[in-house]
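Letter by letter, the chains look like this.
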Amino acid sequence: MQKLVVIGAGMASGRVLEHLFETDAQAYEVTLFNAEPRGNYNRIMLSPVLSGEKSYAEIVTHDDDWYAEHKVTCRFGEKVLSVDRTRKVVVGEKGEVPYDKLIIATGSTPFIVPVEGRDLPGVIAYRDLDDTNTMIEASGKPGTQAVVIGGGLLGLEAAAGLRLRGMEVTVVHLSGHLMERQLDEAAGYLLRKDLERRGINVVTRGSTQRIVGTDKVEGVELADGTVLPASLVVMAVGIRPSVQIAKEAGLDVGRAITVDAQMQTSDPDIYAVGECVEFEGTLFGLVAPLYEQAKVLAKALLGEADTFVVKELSTKLKVTGCDLFSAGDFAEAEGREEIVLRDPTQGVYRRLVIENDRLVGAVMYGDTGDANWFFDLMKNKTPVAEMRETLIFGQSYQGGAPLDPMAAVAALPDDAEICGCNGVCKGKITSTINEKGLTSLDDVRAHTKASSSCGTCTGLVEQLMALTLGGAFNPNAVKPMCGCTDLGHGDVRRLIRAKELKSIPEVMQELEWKTSCGCAKCRPALNYYLISDWPGEYQDDKQSRFINERVHANIQKDGTYSVVPRMWGGMTSAKELRAIADVVEKFDIPSVKCTGGARIDMLGVKKEDLPAVWADLNAAGMVSGAAYGKALRTVKSCVGSDWCRFGTQDSTGLGMRIEKFMWGSWTPGKVKMAVSGCPRNCAEATCKDVGVICTEAGYEIHFAGAAGLDIKGTEILTQVKTEDEAFEMIVALVQLYREQGHYLERIYKWLKRVGMDSIKEAIVENAEKRRHYFERFAESQDIYRRDPWAERATGGVASHEFKPMADITFKEAAE
Amino acid sequence: MTTPAWYKIGLVTDIPKRGARCLNTPLGRVAVFRTADDRVFAMEDRCPHKGGPLSQGIVHDRSVTCPLHNAVISLESGEMKGPDEGTVKTFAIRIDAQSQTIEISFDAVAAEPFVEAAE
Ligand code: SRM
Ligand SMILES: Cc1cc2nc3c(=O)[nH]c(=O)nc-3n(C[C@H](O)[C@H](O)[C@H](O)COP(=O)(O)OP(=O)(O)OC[C@H]3O[C@@H](n4cnc5c(N)ncnc54)[C@H](O)[C@@H]3O)c2cc1C
Ligand code: SF4
Ligand code: FES
């Protein structure tokens, strides 16, 4: 086998290897160097990681198993120092590797403005995961300020992410408007307004004079003398191709490593790909052309001919809610005319630039619906004289076509590019949908890669699916619970009651389940619906619960468990703390942590030890905190009138009263509550599923907040005068949710679905109904509220869970 | 060819229906599953994705859903279902029809993950 060495595990080289192994897995034995201490990941998705919309794990493109499967020798965290072309070896920090063929894919290095103070701790660039983590960490401290130098794509994505994480952010941009390379002034202005609305401060024509600070960064001083205080400075002013190794090896290097249309450098055994190359005078900074290069290079390595050509590029900004698109050349010039459309009320702006009857540039802000159509006209150099009058209104106005967004997608030719990042065209998507019988967006992502990188084309992909599948695809249609049925959650809940179905097999039989015993999506949902609707009659089906709810502890990534006992309203005592300390020592529990829910988590407990751990905690009077359940979780409280000089009511007492009454109840999604003693709201009641703000006048009852995947302040249900009223109201509200909620639907989503009026009608306006719901809850509690730990610690419930069936490590065979 | 060695591990009823138990074996942890229709399957207790303990998952039809990130794995072939790729090592099982004793073998033909009651 020939030896292939790759320097740099970035977006470009990852694709090369994929194509290479797909075509001929046996051709090369690969060694992959990467200066970063990790393998290939989707660099462009660092922005969603920064903003918290994705995790790093979700953006890894090739994991350890993939490298192992393809026998790639990984040398991650090791920089290549030089290439010796006469001996044909690559010199890494930890030793040499010989090559037959070599790929240089070193990407580029962020440009750092050469001003005083640029080396201070806290001054960073935005290029890799470490930078992203530094930003995430810096934003963790409340009230901190960041300055982002550079208002281009990268800088703005950094700014938006930091802002979402709660930092005060200022963007300093040298030019007169943001993203001046991609946007004209008008669009730059709309973008600026959008960002300012999100609380990002924008300084244009701002020139950085120096960075101030003694042992760490303290601020940025601009040329006009302004000092912007900052504990974090992000430089995002541009990139430089990383060409040092190539240069020192004596390869032809212009502004970057010069390659021909097969990605070959001036040495026939050395190829280069990605941001470190220059082709016919062009440099690259977006992934679409790099993916094209990767295809060509993989072929060249296998001796197949293909040619790389530079294509038009388009840009989108990955800031949720800022819709912009730009492509081509839109500078004003002799012989060019332009067409502009503005709708200030909607914040919409479109500008097209035409030269010699061809569209040569387009900028759009606010409504980018026709972006792909314009981009196609541009790439195909379609004459536009005929449609000149209505061109700006987009495709639906052309040729008498009906005003239907679907028609626009239908009219696109098969080679129209839908996903720019991955270079996937319409024909590929429709044919894969048909061939593989795909029906969901996730399927299409898995099989075609379309919409799997930056995600801005998701809408288009959905329209294509609707077009290809016709009635079979309707993203707004009632979503079936899972593949086992066509019924949605609402119908299933209704039919369970209407037909009085009282067991999982009955439901599956009567509602014509398509599988014999359901799946991991429908069974837990059905189990909950039956518990909620037939308390006392229905027997909980443990095998239909996720492991956490089956063993009443949270499974950890290494298969151990965590244990969180209840601390009523967040109150604890010496006795409880001592019991926790004893358990931790006795069972050698590796971590003890205060949770975000104001109680204590013991992490890394061995499964076999769980019953004994619980027995000890039970002995000190503690019960399961249900940190694992779709159930009542925590009721946080503040110190309230007991201690606080501002406290108006006994918030701690109310919190404890609620938790003691409601613990042990199962709910559609988890339920977290809090009670604050005054509007200063130290218990953070206004982002909880249910919250109470105490005032001099009584109790303000809030609900439907969220602070996890979504962030949403609560809505006010009502105000009441006494604690008893507040208590009854809250219990009734939760019971209504228990009876109406779809499995895994949190309270805020339930409210959105059923509407405030119906909830107020049942809980606030009608005392009789309220009482009814309160009693239904109490009745269910009588039956289901048991400490699951106690039952397992001593009662022998589910004992099979905690012991291996057999140990045959040293056993003789049976015969 | 040497005849495969069989080890007794317990009774079918030791495993809950649509459930699983673990075994400590010389090859590491093995998960033994019992389906709704009382078939028994055994495989390595390690998900190909990130090593999740499959014995802790939800059993449905002839599959188990991994407790960590919901990969679905066929109990019959050990293969991951859907577009994911990966295979879990499976082991041969036989059940004595009379006593309902389960026996496992680590060297019997892997292509036959389920052998009906011996003889
Ligand atoms: C332990 C804790 C983090 C900590 O170290 O502090 C934690 C740990 C987990 N959280 Fe959380 N959450 C914890 C407080 C929170 C909070 C803050 C709070 O409760 O005040 C939130 C935001 C508030 C909210 O829920 O809206 C939070 C939002 C989530 C979410 C997103 C839920 C959502 O609907 O948006 C998930 C994922 C889910 O439930 O699907 C999640 C899921 C998880 C899971 C259960 C992940 C899992 O499925 O294994 C973690 C279990 C780790 C373990 O084994 O202990 N955790 N989690 C906190 C336990 C609180 C407690 O005492 O019970
Ligand atoms: C935050 C962010 C958002 C972005 N968003 C978009 C977007 O939305 N759309 C878009 O099209 N593009 C986007 N880009 C640009 C895109 O990520 C790059 O164009 C692309 O990653 C370049 O790929 P590459 O393989 O050439 O280089 P890289 O992905 O940078 O990979 C090069 C690798 O080589 C390693 N390396 C360098 N020198 C050595 C050495 N001497 N020895 C060993 N290893 C070495 C580096 O550590 C690096 O891991 C974004 C970039 C960033 C940083
Ligand atoms: S504890 Fe919560 S926030 Fe932390 S990693 Fe787990 S789920 Fe994510
Ligand atoms: S470890 Fe099994 S799905 Fe991730």
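Remember, predicted model here, so these are calculated numbers, not experimental data. Residue indices begin from 1 for each chain and proceed along its sequence in written order. The naming scheme follows written order: chains are lettered A onward, ligands numbered 1 onward. Local features in this predicted model are restricted to residues whose pLDDT is 70 or higher, and side-chain atom pairs enter the listing and the counts only when it is 80 or higher, whereas totals over whole chains, interfaces and linings include all residues. With hydrogens and water excluded, all non-hydrogen atoms of the structure serve as input to the side-chain values.

**Focus: the overall build of chain B**
Link 1 in the chain: Strands here are runs of E lasting at least two residues and helices are runs of H or I lasting at least four, both read from the DSSP assignment and numbered beginning at the N terminus. Helix and strand counts for chain B come out as zero helices and 10 strands.
Link 2 in the chain: For chain B, the sequential pattern of α-helices and β-strands runs β-β-β-β-β-β-β-β-β-β.
Link 3 in the chain: Taken over 119 residues, chain B has a buried fraction of 55%.
Link 4 in the chain: Within chain B, contacts between residues separated by at least 24 positions form 40% of all contacts whose residues are at least 6 apart in sequence.
Link 5 in the chain: Looking at chain B as shown, the accessible area adds up to about 5,300 Å², and 48% of this sits on carbon and sulfur atoms. To sort residues, take the accessible area from a 1.4 Å probe on protein chains only and compare it with the maximum for the residue type: under 20% means buried, over 50% means exposed, and anything in between is partly exposed. By definition, residues are in contact when any of their heavy atoms lie within 4.5 Å. Residue exposure ignores everything except the shown protein chains as possible cover, and the areas themselves are Shrake-Rupley values with a 1.4 Å probe.

**Description of the packing of aromatic side chains**
Residues and elements named next belong to chain A.
Link 1 in the chain: Note on aromatic pairs: the rings of Phe, Tyr and Trp (six-membered ring only in Trp) are paired at centre separations within 6.5 Å, and the planes decide the class, stacked below 30 degrees, edge-to-face beyond 60, tilted for the rest. On inspection of all chains with the given rule, the structure shows 20 aromatic pairs over all chains.
Link 2 in the chain: Seen from their ring centres, Tyr-67 and Phe-76 are 5.3 Å apart, and the 70° between their planes marks the pair as edge-to-face.
Link 3 in the chain: Of the residues examined, Tyr-67 reaches a relative accessible area of 3% and is grouped as buried.
Link 4 in the chain: By relative accessible area, which is 22% here, Phe-76 ends up partly exposed.
Link 5 in the chain: On the basis of an interplanar angle of 35° and a centroid distance of 5.9 Å, the ring pair of Phe-661 and Phe-777 is categorised as tilted. With a gap of 116 residues between them, Phe-661 in helix 22 (residues 651-662) and Phe-777 in helix 26 (residues 767-784) connect regions that are remote in the sequence.
Link 6 in the chain: Note on Phe-661: relative accessible area 23%, which makes it partly exposed.
Link 7 in the chain: Judged by its relative accessible area of 0%, Phe-777 falls in the buried class.
Link 8 in the chain: Here the aromatic cluster, defined as three or more aromatic residues joined through ring pairs, consists of Phe-21, Trp-66, Tyr-67 and Phe-76.
Link 9 in the chain: By definition, being over a ring means that NZ of Lys or CZ of Arg is both within 6 Å of the ring centre and within 35 degrees of the ring normal. The side chain of Arg-545 reaches across the aromatic face of Trp-666, ending 3.9 Å from its centre.

**Observations concerning the pairing of strand 35 (residues 690-695) of chain A**
Regular strands place their side chains on alternate faces of the sheet.
Residues and elements named next belong to chain A.
Link 1 in the chain: With six of six residues buried, strand 35 is to be regarded as a mostly interior element.
Link 2 in the chain: Of the two faces of strand 35, both are covered, the one formed by Val-690, Val-692 and Cys-694 as well as the one formed by Gly-691, Ile-693 and Thr-695.
Link 3 in the chain: At least two bridges found by DSSP between two strands is the condition for calling them paired. As defined by bridge partners, strand 34 (residues 671-676) adjoins strand 35 across four bridges and the pair is classed as parallel. Counted as the bridge partner of Met-673 is Val-690 from strand 35.
Link 4 in the chain: By the bridge criterion, six bridges tie strand 35 to strand 36 (residues 698-703) in an arrangement that is antiparallel. Bridged to Val-690 within strand 36 is Phe-703.
Link 5 in the chain: The hairpin turn running from strand 35 into strand 36, its antiparallel successor, is two residues long.

**Topic: the sheet that holds strand 14 (residues 217-222) of chain A**
Residue and element names in this part refer to chain A.
Link 1 in the chain: The three strands are arranged 13-14-15 in an open sheet whose pairing can be described as antiparallel. Pairing within the sheet leaves two strands with one partner each, and these edge strands are strand 13 (208-213) and strand 15 (227-229). Across the sheet, the mean angle from the axis of one strand to that of its neighbour is 25°, orientation sign disregarded.
Link 2 in the chain: As defined by bridge partners, strand 14 adjoins strand 15 across three bridges and the pair is classed as antiparallel. By the bridge assignment for strand 15, Gly-219 is matched with Pro-229. Lines fitted to C-alpha atoms define the axes here, with helix axes fitted over just the stretch in contact, and angles between the N-to-C directions of these axes take values from 0 to 180 degrees.

**Some remarks on the packing of helix 23 (residues 723-740) of chain A against helix 26 of chain A**
Residue and element names in this part refer to chain A.
Link 1 in the chain: Following both chains from N to C, one finds helix 23 and helix 26 inclined at 75°, their axes separated by 8 Å at the closest point. Taken as axis vectors, helix 23 and helix 26 run roughly perpendicular relative to one another. Here Phe-727, Glu-728, Met-729, Val-731, Ala-732, Val-734, Gln-735, Leu-736, Arg-738 and Glu-739 of helix 23 lie close against helix 26, whose contacting residues are Arg-770, Arg-771, Tyr-773, Phe-774, Arg-776, Phe-777 and Ser-780.
Link 2 in the chain: A per-class count over the contact of helix 23 with helix 26 returns nine nonpolar, two polar and six charged. An angle below 35 degrees is read as roughly parallel, one above 145 as roughly antiparallel, one from 65 to 115 as roughly perpendicular, and any other as oblique. Residue polarity follows a fixed list, in which Ala, Val, Leu, Ile, Met, Phe, Trp, Tyr, Cys and Pro are nonpolar, Asp, Glu, Lys and Arg are charged, and the others, Gly among them, are polar.

**Concerning the pattern of salt bridges**
Residues and elements named next belong to chain A.
Link 1 in the chain: Note on definitions: salt bridges are taken to be side-chain nitrogens of Lys or Arg within 4 Å of carboxyl oxygens of Asp or Glu. Counted according to the given criterion, the structure contains 60 salt bridges over all chains.
Link 2 in the chain: The partner of Glu-275 in a salt bridge is Arg-127, and the shortest N-O contact between them spans 2.8 Å. You can see Glu-275 sitting in the loop between strand 19 (270-272) and strand 20 (277-279) and its partner Arg-127 sitting in the loop between strand 9 (123-125) and helix 5 (129-138), a full 148 residues away along the chain.
Link 3 in the chain: Linking Lys-607 and Glu-801 is a salt bridge whose minimum nitrogen-to-oxygen distance equals 3.2 Å.

**Considering the side chain of Glu-576 of chain A**
Residues and elements named next belong to chain A.
Link 1 in the chain: Looking at the element boundaries, Glu-576 is found in helix 19 (residues 574-586).
Link 2 in the chain: Residues scored as positive are Lys and Arg, those scored as negative are Asp and Glu, and His as well as the terminal groups of each chain are ignored. Buried within the structure, Glu-576 lacks any salt-bridge partner; Lys-660 is the closest side chain of opposite charge, at an N-O distance of 7.7 Å.
Link 3 in the chain: Once residues within four sequence positions are removed from consideration, Glu-576 is found in contact with Met-567, Met-571 and Met-622.

**Topic: the site of ligand 1**
All names here are of chain A.
Link 1 in the chain: Only a single heavy atom is needed: when it lies within 4 Å of a molecule or strand, its residue is near that molecule or strand. For ligand 1, the set of nearby residues contains 19 residues, the closest of which are Gln-556, Thr-595, Gly-596, Arg-599 and Lys-670.
Link 2 in the chain: Gly-708 has a polar backbone atom sitting 3.4 Å from an oxygen atom of ligand 1.
Link 3 in the chain: Taken together, the residues of the shell around ligand 1 break down into four nonpolar, eight polar and seven charged. Between N or O atoms, a polar contact is any pair within 3.5 Å; within protein, one atom must be a potential hydrogen donor and the other a potential acceptor, and residues adjacent in sequence are included only when both atoms are from side chains.

**Describing the nonpolar core**
Residues and elements named next belong to chain A.
Link 1 in the chain: We call a set of buried residues a nonpolar core when its members are Ala, Val, Leu, Ile, Met, Phe, Trp, Tyr or Cys and they connect through side-chain atoms within 4.5 Å of each other. One finds Leu-162, Leu-191 and Leu-391 to be the most contacted residues of the largest nonpolar core, which totals 86 residues.
Link 2 in the chain: Not counting residues within four places of it along the chain, the set of residues in contact with Leu-162 comprises Leu-50, Met-135, Ser-139, Ala-146, Val-148, Met-167, Val-169, Leu-232 and Val-234.
Link 3 in the chain: By size, the runner-up hydrophobic cluster in this structure holds 68 residues, among which are Trp-513, Val-563, Leu-610 and Trp-789.

**Here's the deal with the confidence of the model for chain A**
Link 1 in the chain: Along the chain, pLDDT gives the predictor's confidence residue by residue, from 0 to 100. When pLDDT is averaged along chain A, the result is 90; 96% of the residues meet or exceed 70.
Link 2 in the chain: By mean pLDDT, helix 11 (residues 405-411) of chain A is the weakest element of chain A at 71, and strand 7 (residues 101-104) of chain A is the strongest at 98.

**Thoughts on the sheet that holds strand 25 (residues 348-355) of chain A**
Residues and elements named next belong to chain A.
Link 1 in the chain: Read from one edge to the other, the open sheet built from five strands follows the order 22-23-26-25-24, with strand pairing classed as antiparallel. Because the sheet does not close on itself, it has two edges, and the strands there are strand 22 (314-316) and strand 24 (336-343). Along the sheet, successive strands turn relative to each other by an average axial angle of 15°, direction set aside.
Link 2 in the chain: With five bridges connecting them, strand 23 (residues 324-328) and strand 26 (residues 358-365) associate as antiparallel partners. Across the sheet, Gly-328 pairs through a bridge with Gly-361, a residue of strand 26.
Link 3 in the chain: Where helix 10 (residues 371-379) meets the sheet, it contacts strand 22, strand 23, strand 25 and strand 26, and its direction lies at approximately 160° from that of strand 26.

**Re the interface of chain B and chain A**
Link 1 in the chain: Across the contact, 40 residues belong to chain B and 38 residues belong to chain A.
Link 2 in the chain: Interface of chain B and chain A: buried area, both sides summed, is about 3,000 Å²; carbon and sulfur atoms make up 56% of it.
Link 3 in the chain: The largest contributions to the chain B side of the interface with chain A come from Arg-18, Gln-56 and Ile-58 of chain B, which together make up 22% of the buried area.
Link 4 in the chain: Run the count over chain B and chain A and you get one salt bridge.
Link 5 in the chain: The partner of Arg-18 of chain B in a salt bridge is Asp-541 of chain A, with the nearest N and O atoms 2.8 Å apart.
Link 6 in the chain: Where chain B packs against chain A, one counts 14 residue pairs in polar contact (both at pLDDT 80 or more).
Link 7 in the chain: Secondary-structure elements contributing two or more residues to the side of chain B that touches chain A are strand 1 (7-11), strand 2 (19-25), strand 5 (58-60) and strand 9 (101-105) of chain B.
Link 8 in the chain: Examining the composition of the side of chain B that touches chain A, we find that six residues originate from one element, strand 2 of chain B, more than from any other.
Link 9 in the chain: Its residues placed into classes, the side of chain B that touches chain A shows 21 nonpolar, 10 polar and nine charged.
Link 10 in the chain: In the sheet, strand 40 (residues 806-807) of chain A pairs with strand 2 of chain B via two bridges, with the strands oriented parallel. Note on definitions: buried area is the accessible-area loss of two parts on being combined, 1.4 Å probe, summed for both.

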